Amino acid sequence: VSWETSVADRPVKTVADVKLAVTKYLDFCRSARVGIFRRKSFFAFRDFLLVKKGLQPRTVSKKIGWLRLVIQQLEDDETLASNPARSIKIPAKRHAPRSRIPFGTEELQRLFASPVYLDGLRPLSGRGEAAYWIPAISLYSGMRIEEIAQLQICHLKEAEGVLHFHITEEGGGHVKTASAERRVPVHPALIEAGLLHYRESLVDDPSSYLFPLLLTDCFGKRSGNFSKFFSRYLRRTVGIT
């Protein structure tokens, strides 16, 4: 609680991740019968995640990092004399496999020859035209899925003759870092596919979302539920596992 309230407006997702890491650590300490604030307990928890759970070093590092932040707040509040989670190193795996594999040409061809693109299929969980446009915009722009999901009509604009997406926090949007606020040119293929006609079909309100049927998840992310739909669509309909 002390950590959560020490900074105003912490992202809901971050708070949830930290609470989950703390819960898992406390469960481990109870099951292993080790002290919560013992330095060797954090090493044991690290090894448990790496060996028993088989998590990637990057994932374990993140979880230990969350614990370190919470314990550091206890030290700052003078509840603890020192932070036993400080400087817990995570050994890297040699030749660790890539956690994210990019789409190959053949997979992209299968995706864009699937029912959403060839047969006009609009699954309910795909939230209307979002099922069509979000993967297409992602392909031709490299934008993050949340950046696309939170686009408003006013964020599709023209400057100096260049049509572009304006990635900004204006209008209630969120960007991952300050440098992530930028303008991304709209690829001609998206215009050919009818992006401007789609925009004209929407309610004439610049502050309306480009994909108004998307629903925010419990963490306030407009892309959260769509990501789940897209993963299912890839596996079950397109056959990409």
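Computed from a prediction, not measured in an experiment: that's the story for all the values here.

About the criteria used
- Residues numbered from 1 in each chain as written.
- Predicted model: local features only at pLDDT ≥ 70, side-chain atom pairs only at ≥ 80, totals over all residues.
- Heavy atoms only, no water.
- Helix = DSSP H or I, 4+ residues; strand = E, 2+ residues; numbered from the N terminus.
- 1 Å grid on protein atoms, 1.4 Å probe; cavity = no way out; pocket = protein on both sides within 12 Å on 5 of 7 lines; lining within 4 Å.
- Points joined across faces, edges and corners; volume = space filled by probe spheres on them.
- Nonpolar A, V, L, I, M, F, W, Y, C, P; charged D, E, K, R; others polar.
- Core = buried A, V, L, I, M, F, W, Y, C linked by side-chain atoms within 4.5 Å.
- Buried < 20%, exposed > 50% of the residue type's maximum accessible area, 1.4 Å probe, protein only.
- Phe/Tyr/Trp six-rings, centres within 6.5 Å; stacked < 30°, edge-to-face > 60°.
- Expected span 1.5 Å × (residues − 1).
- Contact = heavy atoms within 4.5 Å.
- Pairing = 2+ DSSP bridges.
- Axes fitted to C-alpha atoms, helices over the stretch in contact; angles between N-to-C directions.

Caption draft 1: Focus on unusual backbone geometry. Unlike most non-glycine residues, Glu-78 shows phi in positive territory, near 65 degrees. Relative to the helices and strands, Glu-78 resides in the loop between helix 4 (57-76) and helix 5 (105-111). A positive phi angle, near 60 degrees, is found at Ser-87, a position not held by glycine. Mapped onto the elements, Ser-87 comes out in the loop between helix 4 and helix 5.

Caption draft 2: Looking closely at empty space enclosed by the protein. Within the structure shown, the criterion is met by two cavities of 30 Å³ or more. The calculated volume of the second largest cavity comes to roughly 30 Å³. Lining of the second largest cavity is provided by Leu-111, Val-116, Tyr-117, Ala-131, Pro-135, Phe-229, Phe-230 and Tyr-233. Only helix 6 (115-118), helix 7 (130-141) and helix 11 (224-238) provide two or more residues apiece to the lining of the second largest cavity. It is helix 11 that contributes the most residues to the lining of the second largest cavity, three residues altogether. When the residues that make up the lining of the second largest cavity are grouped by side-chain class, the tally is eight nonpolar, no polar and no charged.

Caption draft 3: Inspection of the nonpolar core at higher detail. Membership of the largest hydrophobic core comes to 35 residues, with the highest contact counts inside it found for Trp-133, Ile-137, Met-143, Phe-165, Leu-190, Leu-195 and Phe-211. Going through the elements one at a time, helix 6, helix 7, helix 8 (145-149), strand 2 (162-167), helix 10 (195-200) and helix 11 are the ones with two or more residues in this core. At seven residues, the largest contribution of residues to this core is made by helix 7.

Caption draft 4: A look at the environment of Ser-82. Relative to the assigned elements, Ser-82 resides in the loop between helix 4 and helix 5. Given a relative accessible area of 44%, Ser-82 falls into the partly exposed group.

Caption draft 5: Inspection of the packing of aromatic side chains at higher detail. Scanning the model with the defined rule gives 12 aromatic pairs in all. An angle of 10 degrees between the planes, with centres 4.6 Å apart, marks the rings of Tyr-25 and Phe-42 as stacked. With Tyr-25 in helix 2 (residues 12-32) and Phe-42 in helix 3 (residues 39-52), this pair connects stretches of sequence that are 17 residues apart. For Phe-42, a relative accessible area of 0% gives the class buried. Pairing Tyr-25 with Phe-45 gives two aromatic rings, centres 5.3 Å apart and planes at 75 degrees, and the pair type is edge-to-face. Note that Tyr-25 is positioned in helix 2 and Phe-45 in helix 3, a separation of 20 residues in sequence. Joined through ring pairs, the aromatic side chains of Phe-112, Tyr-117, Tyr-132, Trp-133, Tyr-198 and Phe-211 make up one cluster.

Caption draft 6: Looking closely at helix 7. In this model helix 7 runs 16 Å from its N-terminal to its C-terminal C-alpha over 12 residues, within 8% of the 16 Å that 1.5 Å per residue would give. Those residues of helix 7 not exposed but buried are Ala-130, Ala-131, Tyr-132, Trp-133, Ile-134, Pro-135, Ala-136 and Ile-137. Where helix 7 is buried, its residues contact helix 6, helix 8, strand 2, helix 9 (188-192), helix 10 and helix 11. Two residues or fewer past helix 7, Gly-142 is found with a positive phi of approximately 75 degrees.

Caption draft 7: Geometry of the sheet that holds strand 1 (residues 156-159). With antiparallel pairing, three strands are arranged side by side in an open sheet as 1-2-3. The open sheet has two edge strands with one neighbour each: strand 1 and strand 3 (182-185). Neighbour to neighbour, the strand axes of the sheet diverge by 45 degrees on average, direction disregarded. Summarising the sheet, strand 1 and strand 2 pair through four bridges and their orientation is antiparallel. Looking across to strand 2, one finds that Ala-159 is bridged to Val-162.

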